[in-house]
Amino acid sequence: MSERTQQWTAEFIPSQSGRRVLITGANSGIGFETARELARKGAEIILPARSMAKAKDAVDRIRREIPSASLIPGVLDLASQASVREFASWFSGQYPGPSIDLLINNAGVMAIPKRELTVDGFERQFATNFLGPFALTALLYPHVRQQEGNRIVIVSSSVTKWAKIDFTNLQSEHRYSPMAQAYGQSKLADSLFALELHRRLARAGSPVIVTSAHPGYAITNLQTSGPGNGFSPFRILSAILKPLVSQDAAHGALPTLFAAVAPDAMPGGYYGPDGLLELKGYPKAVVIPPLAQNLGDAERLWSEAERLTGAAFQI
Ligand SMILES: NC(=O)c1ccc[n+]([C@@H]2O[C@H](COP(=O)([O-])OP(=O)(O)OC[C@H]3O[C@@H](n4cnc5c(N)ncnc54)[C@H](OP(=O)(O)O)[C@@H]3O)[C@@H](O)[C@H]2O)c1
């Protein structure tokens, strides 16, 4: 890792001219900032949101600042396997063959107070944060151009340091706690997925690399969209920490941007903020939690995700 990771900012993003990028959850927070900075550097950005209105609103907001931006809105609900398939099929029709340079799995939801099930009968955080992105990546992988510099990025969370995968409780059917257990499990699943995909692509000799990132503690809609505004231990902790150690979404997006485009980012690398407890700061390589490096869990989770979603990677 070179010194460039010290105080790396969006100014260091190399030209993205001629590159096609797909970012999930780009209508809000970190995803929006990521899309805006990559658009500023000339990438064509496909930004699907849960509704066309939300996607178009994000397009409008970026265009107001960058009139020349090339932005394509779309519709994708990661909590619905049918929606993931519909989006992937739309994508294949619009952009057949190898057509994408960078796929950023950013969308997520956090700390839904009570266990909810999706239309597919999956626990909502596990479905949105892991199963949806897994299926989307599997379905779009054939469209990733096999060339140096191309990447798949998965946005995880520092909560993975304390999280566990419980294969007897993947859908939180026996025990549900919103943050540490259900959200933590879904984000640890993301980290296991990132590393397993990295290993599989490396074994296959693909030039495409997989990286992951966490934003630290960035003030976005994440803190309210899932938990809501009601009383909860999570909201109390947030209120205490927020003035001390949070950062804005633009800074929260830097580790993702670094993982996505910095020439220094390593295959399988994991990036987060360099400040106290990795809560804020500039991107640096951060330690991958040991449980995210468990090979047995990674393979078992992969098989489980294929079984549950019916999506299989052609690597
Ligand atoms: N902010 C932090 O401090 C923090 C810390 C650790 C990790 N992260 C991770 O960073 C990523 C981005 O979060 P953020 O902080 O930028 O939060 P955010 O502002 O709430 O953005 C989340 C995005 O994900 C989208 N999304 C939620 N459910 C979806 C679904 N079912 N299908 C498709 N898109 C969906 C949201 O769409 P809607 O606008 O429709 O809700 C929104 O665009 C997440 O993966 C999160 O876990 C954030």
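About the cut-offs
- Residues numbered from 1 in each chain as written.
- Predicted model: local features only at pLDDT ≥ 70, side-chain atom pairs only at ≥ 80, totals over all residues.
- Heavy atoms only, no water.
- Helix = DSSP H or I, 4+ residues; strand = E, 2+ residues; numbered from the N terminus.
- Buried < 20%, exposed > 50% of the residue type's maximum accessible area, 1.4 Å probe, protein only.
- Near = heavy atom within 4 Å.
- Polar contact = N/O pair within 3.5 Å; in protein donor to acceptor, adjacent residues only side chain to side chain.
- Areas by Shrake-Rupley, 256 points an atom, 1.4 Å probe, with all protein chains shown as cover.
- Nonpolar A, V, L, I, M, F, W, Y, C, P; charged D, E, K, R; others polar.
- Phe/Tyr/Trp six-rings, centres within 6.5 Å; stacked < 30°, edge-to-face > 60°.
- Lys NZ or Arg CZ within 6 Å of the ring centre and 35° of its normal.
- Axes fitted to C-alpha atoms, helices over the stretch in contact; angles between N-to-C directions.
- Parallel < 35°, antiparallel > 145°, perpendicular 65-115°, else oblique.
- Left-handed = near helix turned anticlockwise from the far one by under 90°.
- Contact = heavy atoms within 4.5 Å.
- Core = buried A, V, L, I, M, F, W, Y, C linked by side-chain atoms within 4.5 Å.
- Patch = residues over 30% accessible without salt bridge, like charges linked within 9 Å, V, L, I, M, F, W, Y side chains within 5 Å.
- Salt bridge = Lys/Arg side-chain N within 4 Å of Asp/Glu carboxyl O.
- Pairing = 2+ DSSP bridges.

**Some details on the side chain of Ser-157**
Consideration 1: Checked against the element boundaries, Ser-157 lands in the loop between strand E5 (151–155) and helix H5 (178–203).
Consideration 2: You can call Ser-157 buried: its relative accessible area is 10%.

**Some words on the site of the ligand**
Consideration 1: Taken together, 28 residues surround the ligand, and among them Asn-27, Ser-28, Lys-54, Tyr-183 and Thr-220 come closest.
Consideration 2: Measuring from a nitrogen atom of the ligand, one finds a backbone N or O atom of Ala-79 at 3.5 Å.
Consideration 3: Within the backbone of Leu-222, an N or O atom sits 3.1 Å from an oxygen atom of the ligand.
Consideration 4: Burial of the ligand by the protein chains amounts to 95% of its free accessible area of 890 Å².
Consideration 5: When contributions to the shell around the ligand are tallied by element, the ones reaching two or more residues are helix H1 (29–40), H5 and helix H6 (222–225).
Consideration 6: Classifying every residue of the shell around the ligand gives 11 nonpolar, 13 polar and 4 charged.

**Observations concerning the packing of aromatic side chains**
Consideration 1: In this structure the tally under the stated criterion is 17 aromatic pairs.
Consideration 2: Here the aromatic rings of Phe-258 and Tyr-271 are separated by 5.0 Å at their centres, their planes lie at 55 degrees, and the arrangement is tilted. Within this pair, whereas Phe-258 is found in helix H9 (residues 254–261), its partner Tyr-271 is found in strand E7 (residues 270–273), the two being separated by 13 residues in sequence.
Consideration 3: Here a set of aromatic residues connected by ring pairs shows up, and it is made of Phe-126, Phe-130, Phe-134, Tyr-141, Phe-193, Trp-302 and Phe-313.
Consideration 4: The aromatic ring of Phe-32 is capped on one face by Arg-61, whose charged end is 4.4 Å from the ring centroid.
Consideration 5: Geometry around Trp-302 places Arg-200 over its ring, the cationic atom sitting 4.0 Å from the centre.

**Observations regarding the packing of helix H3 (residues 81–94) against helix H4 (residues 124–140)**
Consideration 1: Axis separation between H3 and H4 bottoms out at 10 Å; the angle between their running directions is 25 degrees. Put simply, H3 runs roughly parallel to H4. In this structure, H3 meets H4 at a crossing whose hand is right-handed. Counted together, Gln-81, Val-84, Arg-85, Phe-87, Ala-88 and Phe-91 of H3 and Leu-131, Gly-132, Ala-135, Leu-136, Leu-139 and Leu-140 of H4 form the full contact between these two elements.

**Brief notes about the nonpolar core**
Consideration 1: The biggest cluster of nonpolar side chains holds 51 residues, and the ones touching the most others in it are Phe-87, Phe-130, Ile-152, Phe-193, Leu-197 and Phe-313.
Consideration 2: Listed by contribution, the elements that provide at least two residues to this core are H3, H4, E5, H5 and helix H10 (295–309).
Consideration 3: Among the elements that line this core, the one with the most residues is H4, at 9 residues.
Consideration 4: The contact partners of Phe-130, leaving out residues within four places of it in the chain, are Gln-125, Ser-186, Ala-189, Asp-190, Phe-193, Leu-301 and Ala-305.
Consideration 5: In this structure, Ala-10, Ala-49, Val-153 and Tyr-271 belong to the second largest nonpolar core, which totals 37 residues.

**Some words on a nonpolar patch on the surface**
Consideration 1: Nonpolar side chains collect at one region of the surface, where Ile-236, Ile-240 and Leu-244 lie side by side and expose about 300 Å² of accessible area between them.
Consideration 2: Within the secondary structure layout, Ile-236 lies in helix H7 (residues 233–245).
Consideration 3: Ile-236 sits in the partly exposed class, given a relative accessible area of 41%.

**Observations concerning the sheet that holds strand E2 (residues 44–49)**
Consideration 1: The strand order across the open sheet built from 8 strands is E3-E2-E1-E4-E5-E6-E7-E8, with neighbouring strands paired in mixed fashion. Bordering the open sheet on either side are strand E3 (70–75) and strand E8 (283–285), each of which pairs with just one other strand. Shown here is a sheet whose adjacent strand axes are inclined to one another by a mean of 20 degrees, direction ignored.
Consideration 2: With 2 bridges joining them, strand E6 (residues 209–213) and E7 adopt parallel strand pairing. What sits directly across from Ala-213, in E7, is Tyr-271.
Consideration 3: In this fold helix H2 (residues 52–65) packs onto E2 and E3, with an angle of close to 165 degrees to the strand it touches most, E3.

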